Amino acid sequence: MAAVAARSASRRGEGDRVTFELEVVPRGGEVPQLTTLVLHVGPGDDHRPVATIMRPGED
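A brief look at the structure comes next. What you see is a predicted model, and the numbers here were worked out from it, not measured in a lab. (Residues numbered from 1 in each chain as written. Predicted model: local features only at pLDDT ≥ 70, side-chain atom pairs only at ≥ 80, totals over all residues. Heavy atoms only, no water.)

Focus on the pattern of salt bridges
Part 1: Under the criterion given, the structure shown has one salt bridge.
Part 2: Residue Arg48 pairs with Asp46 through a salt bridge whose shortest N-O separation is 3.0 Å.
Part 3: Judged by relative accessible area, Arg48 falls into the exposed class, the value being 57%.
Part 4: Residue classification places Asp46 among the partly exposed residues on the basis of a relative accessible area of 44%. (Salt bridge = Lys/Arg side-chain N within 4 Å of Asp/Glu carboxyl O. Buried < 20%, exposed > 50% of the residue type's maximum accessible area, 1.4 Å probe, protein only.)

Right, dumping it as structure tokens:
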């Protein structure tokens, strides 16, 4: 889902962060929960792209 969100944001010319939603099934196979995550793509220590997936509000 993060890759789909990144491609979509890239086509629209958005910045280096994109918010996306997906359903997460808790352990035990309970009812899926809608979860919001943020994908940030930026340069790593050696200047290659690094993708980080986090919760909204994390840095």
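Examining the environment of Val25
Part 1: Here Val25 is to be found in the loop between strand E1 (17-24) and strand E2 (33-43).
Part 2: Ignoring sequence-local partners within four residues, the contact set of Val25 consists of Glu30 and Pro32. (Helix = DSSP H or I, 4+ residues; strand = E, 2+ residues; numbered from the N terminus. Contact = heavy atoms within 4.5 Å.)

So, the side chain of His40
Part 1: Among the structural elements, His40 can be located in strand E2.
Part 2: A polar side-chain atom of His40 sits 3.2 Å from a polar atom in the side chain of Asp16.
Part 3: The contact partners of His40, leaving out residues within four places of it in the chain, are Asp16, Arg17, Val50, Ala51, Thr52 and Met54. (Polar contact = N/O pair within 3.5 Å; in protein donor to acceptor, adjacent residues only side chain to side chain.)

Some remarks on the sheet that holds strand E3 (residues 49-54)
Part 1: Overall, antiparallel pairing links the three strands, which are arranged E1-E2-E3 in an open sheet. Taken across any chain shown, the strands that pair with only one partner, and hence form the sheet edges, are E1 and E3. Across the sheet, the mean angle separating the axes of adjacent strands is 30° when strand polarity is ignored.
Part 2: Inspection of the sheet shows E2 paired to E3 by six bridges, in the antiparallel sense. From the neighbouring strand, Val41 faces E3, where its bridge partner is Ala51. (Pairing = 2+ DSSP bridges. Axes fitted to C-alpha atoms, helices over the stretch in contact; angles between N-to-C directions.)

Quick notes on the pairing of E2
Part 1: Relative to E2, E1 is paired through eight bridges, and the arrangement is antiparallel. Each bridged residue has a counterpart across the sheet, and for Phe20 the counterpart in E2 is Leu37.

Details of the nonpolar core
Part 1: The biggest cluster of nonpolar side chains holds seven residues, and these are Ala2, Ala5, Ala9, Val18, Phe20, Leu37 and Leu39.
Part 2: Looking at this core, the elements that each hand over two or more residues are helix H1 (2-12), E1 and E2.
Part 3: The greatest single-element share of this core, amounting to three residues, is contributed by H1.
Part 4: Contacts of Val18, omitting those with residues within four sequence positions, involve Ala5, Ala6, Ala9, Leu37, Val38 and Leu39. (Core = buried A, V, L, I, M, F, W, Y, C linked by side-chain atoms within 4.5 Å.)

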